[in-house]
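So the chains spell out like this:
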Amino acid sequence: MRLSLPTARADELREQPSGVQPWLLCLGGICWREFLRFLMQRGRFFAALVRPLVWLMIFAAGFRSVLGVSIQPPYETYILYEVYIMPGLCGMILLFSGMQGSLSMVYDQEMGSMRVLLVSPLPRWYLLGCKLVAIVLVACLQVYVFLGIGWLADIRPPAIGYLTVFPALMLAGLMLGALGLLLSSFIRQLENFAGVMNFIIFPMFFASSALYPLWRMQESSLLLYRVSAANPFTHAVELIRFALYGQVEPSALAYTCLWTAGFLIVAMYGYNPARGFMARTGKGT
Amino acid sequence: MSARPAGAEVDALVVEGVSFAYGRGRRALDEVSFRVPAGSFTALLGPNGAGKTTLMSLVTRLFHSRGGSITVSGFDLRRASRAALAAMGVVFQRLTLDLDLSVQQNLRYAASLQGLPSRRAEARIAEELERLGVADRSRALVRTLSGGLRRRVELARALLHQPRLLVLDEPTVGLDIDSRRAIVEHVHRLCRERDLAVLWTTHLIDEVWPDAQLVILADGRVRAVGRSEAIQAQSRCANLADAYKQLTTVAKA
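Residues numbered from 1 in each chain as written. Chains lettered and ligands numbered in written order. Predicted model: local features only at pLDDT ≥ 70, side-chain atom pairs only at ≥ 80, totals over all residues.

Q: Residues and numbers for the overall build of chain A, please.
A: Within chain A, the secondary structure is distributed over 13 helices and zero strands. Along chain A, helices and strands appear, N-terminal first, in the series α-α-α-α-α-α-α-α-α-α-α-α-α. With 285 residues in all, chain A has 42% of them scored as buried. Within chain A, residue pairs in contact and separated by at least 24 positions form 79% of the contacts whose partners lie at least 6 positions apart. (Helix = DSSP H or I, 4+ residues; strand = E, 2+ residues; numbered from the N terminus. Buried ≥ 20, exposed ≤ 12 C-beta atoms within 10 Å, placed from the backbone. Contact = placed C-beta atoms within 7 Å.)

Given below as structure tokens:
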């Protein structure tokens, strides 16, 4: 026997939130979950922190005497090599977590929770965008811990820089996350992280201004210089570098915005969970 | 069809002429059509590989179908997807709870995805957990719960936003006999008491109660639709098990 209660239904409908509220609640919920999961997986957090620290403590210390960096904006004096590679290593944290995060949106263990996410009534592009923002926020948290360790090691940008770097980190992180999502959606070979490391992360990181100023590269190889100058990661690193000193580098900002918009649009368009599903069940091979 | 048609008895789910293929391979679904009337219990029965999970992925908008249409509570899933999804609650085949988060944290996350304001979300979470007898475990980590309890939490999660249609994709996989029976009974009760339409996917005939409406799927096609007696009569079999066997093996031949 069925009971229909028209008044109760009317109340329910009235209670349904409208306007921007559900959108904000959804964004808040996704970020909150990502943060909780981050707190629960401390192992992943330490692993993500050890990588740039190894670079900072060992690589930079070793190369400090070999690679002198002359005065160039945004730096006002001669700087130590450690100071130079700091923004690049911040970019490295974003690069790794962005790739890892967005890869998991297509493949492996996050697949189940992506299904839960995608049955939310909000549009898919918005849900994916929220997920990317959440991944980047957690990555920014890691960057700040890294900057804190740098501060202890006497790598100290001006105080205002810690504030102004935040929007730069968010934008750079979104660009890299969107790129990861785009790659994993379109390239079937990128199902495991090792492949991404070899073919995407390392080339992107090394052919950029993260480890050495571009003008130095120009002296040794013009081709490499051109590749590096076009590399989206270079723009992201330069954006972070200037922001860390309270400055805006207009062309880095413009290019990062353009790359982010481009990657986001293509990634949203190409996101197809059926692909990860095929890979898992062995269908479609 | 973007507005809800007038009249109370709109079918909870209408699947019409839906086809789907993975890549360029064989069709996983071929012109599948059936309906789930409002407040009814419909079992989608089919052997492994029949296309049940693919169909579920289409109904829950995970995949997009090119051919055919899917309508939830009168709302087209493609053109009015927001209203269609808001009218549907889903329990997936695999466990999709975060094991390292508590029951309450998992449910709060789900409520935020549905856009429920926090006060209302808390009230709904408490209500559903109470009803499912999990209220005392609300602060426990999901990892510490048994398989049966985890399923109940997922059921509570699917009902938070008070959907008109509940979709369950083989919800008893991996459960022991007692938990299985408990879940089957619970969902039947929900269906009766709350005027909730249920689409229950399974390959196990003993999960189908005599009064359920059946859709038998094999090899990507609908083989039979109707009440169990009607299907038995149609295939001239003494019981449902034989009818099911006959319908699904004919498909393979």
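Further notes follow.
Q: A description of the sheet that holds strand β7 (residues 165–169) of chain B should follow, citing residues and the corresponding values.
A: Residue and element names in this part refer to chain B. Pairing is mixed in the open sheet, where six strands are placed in the order β6-β7-β8-β3-β9-β10. Looking at which strands have only one partner, the edges of the open sheet turn out to be β6 (88–91) and β10 (221–227). Within this sheet the neighbouring strands show an average axis-to-axis angle of 15°, counted without direction. The pairing of strand β3 (residues 41–45) with strand β8 (residues 197–202) spans five bridges and is parallel. Paired with L44 across the two strands is T201, which belongs to β8. Helix α5 (residues 147–159) rests against β6 and β7 of the sheet, and its axis sits at about 165° to β6. (Pairing = 2+ DSSP bridges. Axes fitted to C-alpha atoms, helices over the stretch in contact; angles between N-to-C directions.)

Q: With reference to specific residues and values, describe the domain arrangement of chain B.
A: Residues and elements named next belong to chain B. Looking at chain B, the domain boundaries give domain 1 (13–87 + 164–252) and domain 2 (96–162). Here the C-alpha centre of domain 2 lies 25 Å away from the C-alpha centre of domain 1. Classifying every residue of the side of domain 1 that touches domain 2 gives six nonpolar, two polar and no charged. (Domains from an automatic or database assignment. Nonpolar A, V, L, I, M, F, W, Y, C, P; charged D, E, K, R; others polar.)

Q: Would you mind going over the interface of chain B and chain A in detail, with residue names and values included?
A: With 31 residues of chain B at the interface, the matching set in chain A holds 30 residues. Among the secondary structure elements, those contributing two or more residues to the side of chain B that touches chain A are α2 (81–86) and α3 (103–113) of chain B. Its residues assigned to classes, the side of chain B that touches chain A shows 14 nonpolar, ten polar and seven charged.

Q: Got a sec to walk through the sheet that holds strand β5 (residues 75–76) of chain B? Specific residues and values, please.
A: The pairing of strands in a sheet comes from backbone hydrogen bonds and takes either a parallel or an antiparallel form. Residues and elements named next belong to chain B. Across the sheet, four strands lie side by side as β2-β1-β4-β5; this open sheet has antiparallel pairing. At either end of the open sheet lies a strand with only one pairing partner, and these are β2 (27–36) and β5. Docked against the sheet, helix α1 (residues 52–59) engages β1 (13–21), β2 and β4 (67–72), running at close to 65° with respect to β2.

Q: Give me the lowdown on the pairing of β8(B), citing residues and values where you can.
A: Residue and element names in this part refer to chain B. Among the six residues of β8, six are classified as buried, and the element is accordingly described as predominantly covered. What you see with β8 is no split at all: A197, L199 and T201 on one side and V198, W200 and T202 on the other are buried throughout. Taken together, β7, helix α6 (residues 177–194) and β8 constitute a β-α-β crossover, and its handedness is right-handed. (Right-handed = clockwise from strand over helix to strand, strands pointing away.)

Q: Could you give me a rundown of the pairing of β2(B), with the residues and numbers involved?
A: Sheet topology note: the β1(B)/β2(B) ladder contains six bridges and is antiparallel. The residue bridging B:L13 from the neighbouring strand is B:V36, located in β2(B).

Q: Before we move on, could you go through helix α3 (residues 42–63) of chain A and cite the residues and values that matter?
A: Residues and elements named next belong to chain A. Between its first and last C-alpha atoms α3 spans 31 Å; for 22 residues at 1.5 Å apiece the expected length is 32 Å, and the two agree. Of all the residues in α3, the buried ones are A48, P52, L56 and A60. Contact partners of the buried residues in α3: α4 (81–104) and α6 (124–152). (Expected span 1.5 Å × (residues − 1).)

Q: So what about the packing of α3(B) against helix α4 (residues 118–131) of chain B? Which residues, and what values?
A: For any two helices packed against each other, the geometry comes down to the angle between their axes and how far apart the axes lie. Residues and elements named next belong to chain B. Interhelical geometry of α3 versus α4 gives an angle of 130° and a closest axis separation of 10 Å. Taken together, the axes of α3 and α4 are oblique relative to one another. For the crossing formed where α3 meets α4, the hand is right-handed. Two secondary-structure elements touch here, α3 through Q104, L107, R108 and A111 and α4 through A121, R124 and I125. Broken down by class, the residue content of the contact of α3 with α4 amounts to four nonpolar, one polar and two charged. (Parallel < 35°, antiparallel > 145°, perpendicular 65-115°, else oblique. Left-handed = near helix turned anticlockwise from the far one by under 90°.)

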